[in-house]
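What follows is the residue order along each chain.
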Amino acid sequence: MMSDGVVEKLAVAGGGGDVTASWNALYDRFYTRKTVYEMQWLDEGIDLDKYVVACAPYGGPVALVRDTKKVLLVGHDDDELVHPILHIFATSGKRISATDFPFKGLVGMGWTIEEHLVVVLDDGKVHTFDIFGQEVRGRYIELGSECQSDGVAQVVFWDTGFVVRTASSNQLFTITDYEQPIVEKLAHAPLSKPPTSMAVVPPYSTESGSVEVLLATSGGSIGLVDNKSWEDLQVDSGPFNKMVVSPTGALIACFNDEGTLYVFSTDFSKNLSKFVTKSRRPPRDVVWCGEDSVVLYWDTIGALLMVGPYGDFVKYQYDQPLRLVTEVDGVRIVANRQCEYLQRVPESAQDIFKYQSKSPAARLYDAAEAFEARDATADDNMRMIETEDDKVLAIEKCLDAAAREFDYKTQRRLLKAASYGMLFCKSWKSDMFVETCRVLRVLNAVRAADVGILLTYEQYLKLEIEALVDRLVARHHHLLALRVCEYMKMEPQRVLVHWACTKISHARQDVPDQQLLAEITAKLNGQHQISYSEVASAAYASNRVELATKLLDFEPRAADQVPLLIQMKQDERALDKAIDSGDTDLIYLALLYIQRSYDDDRQFFSIIESRPLARSMFVTYCKRHSHNTGLLKSYYYYFKMHTEAAHLACREAYGSRRLADRLKLLNVADAFFTDSRNQFAAQVTKEQIDLLRKQCKVELALRDTPIVDMSVLELIEDNVRHLQMKAANKICSDFKVPETQFLHIQVKTLAECHKWDELARLAASKKKKSPIGWVPFIEACVQEKQMQEATKYILKLPDYADKMNWLCNIASWKEAVELAVKEKDNDALDVIYHRSKNPAVQAMIDRILRSTPQ
Amino acid sequence: MSGKVKSKAAAVGDTSGGEHLANASVNLISLRQHARLELTRLLDSVRGRKALVLDRSLSGQLGLVAEVSLLKAFGVAQIHYLLEQPLATDCEAVVYLVRPETRLMHLIADQVQGHIRAGDTGKKYGVFFVSRRTMLCERVLSDRGVYGELLLGEYQLDLIPMEEDLLSLELPGVFRECFLDGDPTALFSVARSLVKLQTLFGLIPHVSGVGENAKRVYALMDRMRRESPGDQYNVVPEIDSLILIDRSVDLVTPMLTQLTYEGLLDEVVGINNSYIDVEEQVLTGKPPTNSSSSSSEPAKRKHLLNGKDSLYKEVRDLPFRSLGAILHRKAGEIQETYNKKDDAQTVSQLKEYMKQFKTAHTDHKELQTHINLAEHVNHRTLKDMRFVYQLDVEHCLVAGNKAVTMSVDECVSYVDGLIGKMEPMTKALRLLTLLSMTAGLDRKQFDAFRRKVVQAYGFERAMQTLANLEAVGMLRASRSSWDKVRHSLRLWTEDAQESKSQDDICFTHQGYAPLSVRLIEVSSAAKEGWRALDDVLRLLNAEHFTHQQELPVSIQERAKIMGQSSSASTSSSAGTSSVTDQHQQHQQQQQGRKKLTLVYFLGGVTFAEISALRFLSERESSDRRYIVATTKIINGASLLDDLIEFLPNELDRSSLKEL
């Protein structure tokens, strides 16, 4: 897995000595520097000095582009100066890609959290590349005219964005989120000379939530710029030629022209430390190692200086160029020949390996080592761990130390110690051991030089397993990613989908669709939740429309199928899939898109012709969005739907402001109704035209009284109300109002207006038999509480029982009694007696009953 | 800060307003809790002091799951309706809660652009769709150029528990959309709600249904399951079967006046989202004090009517005619409790009395309200000759030649009179469509009635409305097969008050058994299920289907184990308990063993139908209990109102001169 040399170096025999050999004390803590890889690029003769270098955090890749600013002796590789190349290597020096880099005016490169390489050019253009050096589609950005004309002089990256400074006006611009690349102009910094250095506090670390830029002025102070304002922070220890913000954004390290390193809090309220190097020459790089030490590198003298809190320091000497990468838990040192990791010794490892450590973990480790060596002190050591709690603690410490260890021999020794401890610990229940082994297997696998992701346990915890899997598939390590998924009990879909997409996009043009489809479905079949639409998208992007369509058939989610089919201009297929899904949103989407894509609506109509659901939904859509009336009309014409066209014409008629237009459109409706043999509707429409014309005349004659838009019966009602009986009769005959209807409306209206005489006259005109009977008369009177009037009509009822019932109901007791007497109905008298509760009525009934013989 | 968080948590967890769901067969409170939690989550996703802007059609629905204090606890400072006007607010965040309608998207875009134009650019906007975020709406927002300003999301407020046995989507206009417009969007919502229900309460093993739309809903459900496989249904099913019933199968029942207390209340005063809106004096029974508001309309008051009111729960399903006697008896009981005062001698007796007095006192208040309400309803119904006569007409129509009180001709002239007197259009059409669907209309009658409707209500109100009624089949010139349907399903019982009819659902309409519920009753009882109804359904022109949904093997096993353990526990406990205990236990067991059936009405259900299903659940001989789900609670009037369509009239009277 690791190169033998590395292992050899770490595996010095005996006790903790081998482990602690690389330890250096800084104040009360230890730091360790370990070589992890010997660079594979050595064979290619890569020399960091000649390149602009960008290293991605989380043990990520290294990008190199020839630095044109460096004057070089003409050598055998000068070709690269003419035809620049973008090299991307894993941090183990294994080559990932080499692509042409036809861009001029490189200002800087930086890696994003997604491991995309962002390249900023001096004309304000920003290109983004994936790990294979391919430009990422849709990620090209231009910073705008100001950057273009003034030129970009400097750029500072963080993981989700960057800040640029223009050359002469020192104006700052930022992009804070690559997902939404909006160029934001920051406040103007009133500087006469370019700043001597620039540092950025990312938006997620600031209180305001907006990015903050610190500019060191040539006058020695530092200015703070954000989107709103410029503020001089009144620092007097400058001018600073290096400033670097700590990983959490809380602290800033500043190196001034006198060779003094200061650490401030980022709001500059506190000066936390001061370290005098006396080097007038500024270091090439200054980086943080964790939050408590700063590493400085002078390339000219090959010196790496690590400064801890309280002024302790360690110095390492190098005879090769190197670059420093800040990681969450340390510093990665990428050099020409090797890659090293510099970090604080984990607390658990200190606990175990520190000289003469008496901690339970150290005892456990010693005991396990002794046991391994068949040494009796094993038992003694074990006994000295007294409590159960201490045993648990010791095991946990060993596991933690193992997880944080690069060297797998040491890992194994620590794991053995833990498992030895578990034998003596009754209360150990945790599955932490299994978990640690699992994680270590994954970490060791990704750290293997061929993969070359130098991930520490701490970084792994921060990055999370899903992101790690994404990084593996991005590097096309699909098989390893799949194994990791299996091992960590994760769903493998993302890996498989990415594999399929890669398979398609990397397939040679002469590989037939059929073969790709077979290979892909063979792997993907039987897996739940595979996003076939994503694979289909990749096929479509590779101009394999047939394959894309076939793949989409495997996609169970219509919401994913339809938009892509639409994009692929597979109109009918899209519409059918949408209809199949029953999802009306998708149907509308497909319908509207297809409709808009044809210049001639008839083509659209012919597509929906045989699809009833699409048709009815299209109609509904048009009806709900009134601006589509024209479209709806042509639809009805196209399909010869005359009745519907007629109703639409009616709607339009009433929607017209002018009466003349309304009549015109009603004539159109009439014609359509006639065409569709809807005689009833045609007749009614004709009559309506007639009615409107008549009403118009009357309204114009009467002035101020709205007559138009009354219904026929309303018109009659209006006339009856004004006792215009003749006019009412005229309307009745003009519009063939049935007699019953005419009577009902008259009775109702006359009663409402209390025209009792007219009502009586109307009743009289019907002689004995009214076509609507007498009940409507009675009810109309009762409604107006005219019981006297009502009684008149009740007495006209032919049926005795009905009469009696009505009289009792309206409490016409006197008449009821008379009627009962007339009919000789003593039972009725009884009922009246009880229901009336009226003493006078009761007295009357008593009288009658007394007078009549029983 | 922590104090605020605490109060938030307390606010979400607050089950007040949900007590009426406590005894539900399945845990409906969890549905309500789910809805509340979702709401608070979306409110939290938009930071700052919020103005909540509501789609007006959602307010009733929202009120059923969340109260104002909850909204306040989550930073809502103002509540507005989404109207066609600029939104004036000083809040830093605006949260829109809307149905996915493009019309509303334009209103939102107008308001947001209004703010920007006015220079008020610092606001944050959230738009949450109930219950579904659609691409169509997103497109409008993007066309209007405001897409980037908005945080978009979904609020899956679908089935709301109204009662312990009643769920509603509260979607208005579904019948019209599905049956007239041919827009099945609502069916999609129904299917989604069922999928969600099944993830909570387990896959429902037996699914059956009648009608075209029922079939569609099943197909959608099935598809949704296939679209997202995996094991979301890892719960032992609590619901045994699902019956989907298409409203179009039974349009007769809603057209009849409901005669249960709750049904009649809905017909007379209207129940909306469990609330009635009535004048104060209707509830208090006191005559209005006409000192202050003699000129203006009497003030109305909203009154909540649901199972929380124990008396209401007891009487709402009863025939209105029998209500008087029961309320009278209740009054007697309360009076008796009051009278016990004199018996209380010792302190402890007095204490006991006070306890009884207190319950009696609350009961008294509830009782008084219902006596007043019943009186109000009674006055407008049974005491009104016209109402009674109309009932006779309705009953004559459904009973056909079996009715003795009047002839069909009399019914026809009654409908004629309604139109001739220009009674409210809904009322006239309700009886006209009933006439068409039961007795049937010949060509001549059909044309004559249509003409009369046009002449009475005017061209602009009648034309489209008549076309709509014809399109959904509620008005047509044809003979009706109603007589055969009624006969074979025994839909009419003469003398409904007599004891032999007490064991039948016909109590809901005083002799008429609601067709929809009868179908469910017969199909559930018959061995061959829906096939027993083949002949009748052919007459109704409705197809039926039955499907089994296969449970995952692991669930099948778990269900088996659960079944065994419950029976095992009975046998062991039987030996120790007394006889009465055993009896009680047995009863509980019986109750517990009743299989749960969810009946989903597509296009609405009436209160009377719900009462009929409750009756079936409680009937001793029944082995099932029913819970009802619906798109909306409807009655004949609301159903018709959706179909009545006026032509928008834009006439400018000054144009008359031109003619």
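Data block above holds the structure.
Starting from 1, residues in each chain are numbered consecutively following that chain's sequence as written. A letter from A marks each chain and a number from 1 marks each ligand, given out in the order of writing. The model is predicted, so local features are restricted to residues of pLDDT at least 70 and side-chain atom pairs to those at 80 or more, both for listing and for counting; the totals for chains, interfaces and linings are taken over all residues. Note that water and hydrogens are dropped before the side-chain values are worked out from all heavy atoms of the structure.

### Regarding the packing of aromatic side chains
Each pair of aromatic rings is reported with the distance of its centres and the angle of its planes. Residues and elements named next belong to chain A. Using the following cut-off: Centres within 6.5 Å are what make two rings of Phe, Tyr or Trp a pair, Trp counting through its six-membered ring; a difference in plane orientation under 30 degrees is then read as stacked, over 60 as edge-to-face, and the rest as tilted. Segments assigned H or I by DSSP are reported as helices when at least four residues long, segments assigned E as strands when at least two residues long, and all are numbered from the N terminus. Residue burial is assigned from relative accessible area. The probe radius is 1.4 Å, only protein chains are included, and a residue is buried under 20% of its type maximum, exposed over 50%, and partly exposed in between.
Applying the stated criterion across every chain, the model contains 43 aromatic pairs over all chains. Ring geometry for F618 against Y635: centres 5.4 Å apart, planes inclined by 55 degrees, an arrangement best described as tilted. With F618 in helix 22 (residues 612-624) and Y635 in helix 23 (residues 629-638), this residue pair connects regions lying 17 residues apart in the sequence. In terms of burial, F618 and Y635 fall into one category: buried. Aromatic pair F777 and Y793: ring centres 5.3 Å apart, planes at 35 degrees, arrangement tilted. A residue pair is termed long-range when its members are at least 10 positions apart, and F777 in helix 31 (residues 775-783) and Y793 in helix 32 (residues 787-794) qualify at 16 residues. Judged by its relative accessible area of 0%, F777 falls in the buried class. A residue is classified by how much of its surface remains accessible, and Y793, at 2% relative accessible area, is buried.

### What about empty space enclosed by the protein?
Put simply, the test is: Buried and open spaces are told apart on a 1 Å grid over the protein atoms alone, a cavity being a set of points where a 1.4 Å probe fits but cannot get out and a pocket being an open set with protein on both sides within 12 Å along at least five of seven lines. Residues with an atom within 4 Å of a point are the lining residues. Grid points are joined across faces, edges and corners, and a volume is the space filled by probe spheres set on the points. By the convention adopted, Pro, Cys, Tyr, Trp, Phe, Met, Ile, Leu, Val and Ala count as nonpolar, Lys, Arg, Asp and Glu as charged, and the other residues, Gly among them, as polar.
With the rule as written, the count across this model stands at five cavities of 30 Å³ or more. Looking at the largest cavity, its volume works out to about 100 Å³. Around the largest cavity, the lining residues are V684, E687, Q688, L691, S711, V712 and F735 of chain A together with R451, V454, Q455, G458 and F459 of chain B. For the lining of the largest cavity, the secondary structure elements donating two or more residues are helix 26 (679-702) of chain A together with helix 19 (443-457) of chain B. Element by element, the count of residues in the lining of the largest cavity is highest for helix 26 of chain A, at four residues. A breakdown of the residues in the lining of the largest cavity according to their chemical character gives six nonpolar, four polar and two charged. In terms of lining, the second largest cavity is formed by V19, W23, T32, K34, V345, P346, A349, A401, R404 and E405 of chain A. Looking at the lining of the second largest cavity residue by residue, the classes come out as six nonpolar, one polar and three charged.

### Some details on the packing of helix 33 (residues 800-809) of chain A against helix 35 (residues 826-836) of chain A
For any two helices packed against each other, the geometry comes down to the angle between their axes and how far apart the axes lie. Residue and element names in this part refer to chain A. For clarity, the cut-off: Interaxial angle, 0 to 180 degrees, is taken between N-to-C directions of lines fitted to C-alpha atoms, where a helix line uses only the stretch in contact. In what follows, roughly perpendicular refers to angles from 65 to 115 degrees, roughly parallel to angles under 35, roughly antiparallel to angles over 145, and oblique to any angle outside these ranges. The crossing is said to be left-handed when, going from far helix to near helix, the turn is anticlockwise and less than a right angle, and right-handed when the turn is clockwise. In this analysis, two residues are considered to be in contact whenever any of their non-hydrogen atoms come within 4.5 Å of each other.
It is at 11 Å that the axes of helix 33 and helix 35 come closest, and there the two elements cross at 15 degrees. Between helix 33 and helix 35, the interaxial angle falls into the category roughly parallel. The interaxial crossing formed by helix 33 with helix 35 has right-handed handedness. Of the residues in helix 35, those touching helix 33 at Y800, M804, C808 and N809 are A828, I832 and R835.

### A look at the interface of chain A and chain B
Definition in use: A 1.4 Å probe defines the accessible area here, and the buried area is the portion of it lost by two parts on being joined, summed over both. Salt bridge, as used here, is a side-chain nitrogen of Lys or Arg placed within 4 Å of a carboxyl oxygen of Asp or Glu. Under this definition, polar contacts are N or O atom pairs within 3.5 Å; protein pairs additionally need one hydrogen-donor-capable and one acceptor-capable atom, and for neighbouring residues in sequence, both atoms have to be side-chain atoms.
Taken residue by residue, the interface counts 73 residues in chain A and 59 residues in chain B. Between chain A and chain B, the buried area comes to about 5,800 Å², and carbon and sulfur atoms account for 56% of it. Of all residues in chain A, R651, Y654 and F680 of chain A give up the largest surface area on contact with chain B, accounting jointly for 12% of the area buried on that side. Inspection of the region where chain A meets chain B yields nine salt bridges. Salt-bridge contacts for R657 of chain A lead to D652 of chain B; the nearest nitrogen and oxygen are separated by 3.6 Å. For the pair chain A and chain B, the number of links is 31 residue pairs in polar contact (both at pLDDT 80 or more). The element contributing the most residues to the side of chain A that touches chain B is helix 26 of chain A, with 11 residues.

### Structural notes on the sheet that holds strand 2 (residues 29-38) of chain A
All names here are of chain A. This is how it is decided: At least two bridges found by DSSP between two strands is the condition for calling them paired.
Taken in spatial order, the five strands make up an open sheet running 1-2-29-28-27, and their pairing is antiparallel. Bordering the open sheet on either side are strand 1 (23-26) and strand 27 (322-327), each of which pairs with just one other strand. Here the strands of the sheet are splayed against their neighbours by 25 degrees on average, with no regard to which way each runs. Inspection of the sheet shows strand 1 paired to strand 2 by four bridges, in the antiparallel sense. When the bridges of strand 2 are listed, A25 appears paired with F30.

### Side note on helix 6 (residues 360-372) of chain A
Residues and elements named next belong to chain A. Note the threshold: Here a helix's expected span is defined as the number of its residues, less one, multiplied by 1.5 Å.
Compared with an ideal rise of 1.5 Å per residue, which puts 13 residues at 18 Å, helix 6 spans 18 Å between its outermost C-alpha atoms and is within 8% of the ideal. Among the residues of helix 6, those classed as buried are A361, A362, R363, L364, Y365, A367, A368 and A370. Looking one or two places after helix 6, you find R374, whose phi comes out positive at around 55 degrees.

### With respect to the sheet that holds strand 14 (residues 184-185) of chain A
Residues and elements named next belong to chain A. If you trace the four strands from one edge of the open sheet to the other, you get 11-12-13-14, paired in antiparallel fashion. Across the chains shown, the open sheet's two edge strands, defined by having one partner strand only, are strand 11 (152-158) and strand 14. Of the strand pairs in this sheet, strand 12 (residues 161-166) and strand 13 (residues 172-175) are connected by four bridges, and their pairing is antiparallel. Paired with V163 across the bridge in strand 13 is T174.

### Concerning the environment of L382 of chain B
All names here are of chain B. Tracing the sequence through the fold places L382 in the loop between helix 15 (347-380) and helix 16 (385-399). On the basis of relative accessibility, which here comes to 24%, the residue L382 falls in the partly exposed class. Distance from L382 to R321, taken between C-alpha atoms, is 8.4 Å for residues 61 residues apart in sequence. When near neighbours in sequence (up to four residues on either side) are disregarded, L382 contacts F320, R321, F387 and V388.

### A word on helix 35 of chain A
All names here are of chain A. What counts here: Summarising the geometry, the arc corresponds to the directions from the helix axis toward the C-beta atoms.
Among the residues making up helix 35, those that are buried are A828, L829, I832 and S836. When helix 35 is viewed along its axis, its buried side chains cluster within an angular range of 100 degrees and face the same direction. The outward face of helix 35, more than 90 degrees from its buried face, is lined by the exposed residues D827 and H834. Looking at the buried positions of helix 35, the neighbouring elements they touch are helix 33, helix 34 (813-822) and helix 36 (839-851). Near the N-terminus of helix 35, the side chain that reaches the backbone nitrogen of D827, with its oxygen 3.3 Å away, is that of D825. Following helix 35 by one or two positions, K837 adopts a phi angle in the positive range, close to 50 degrees.

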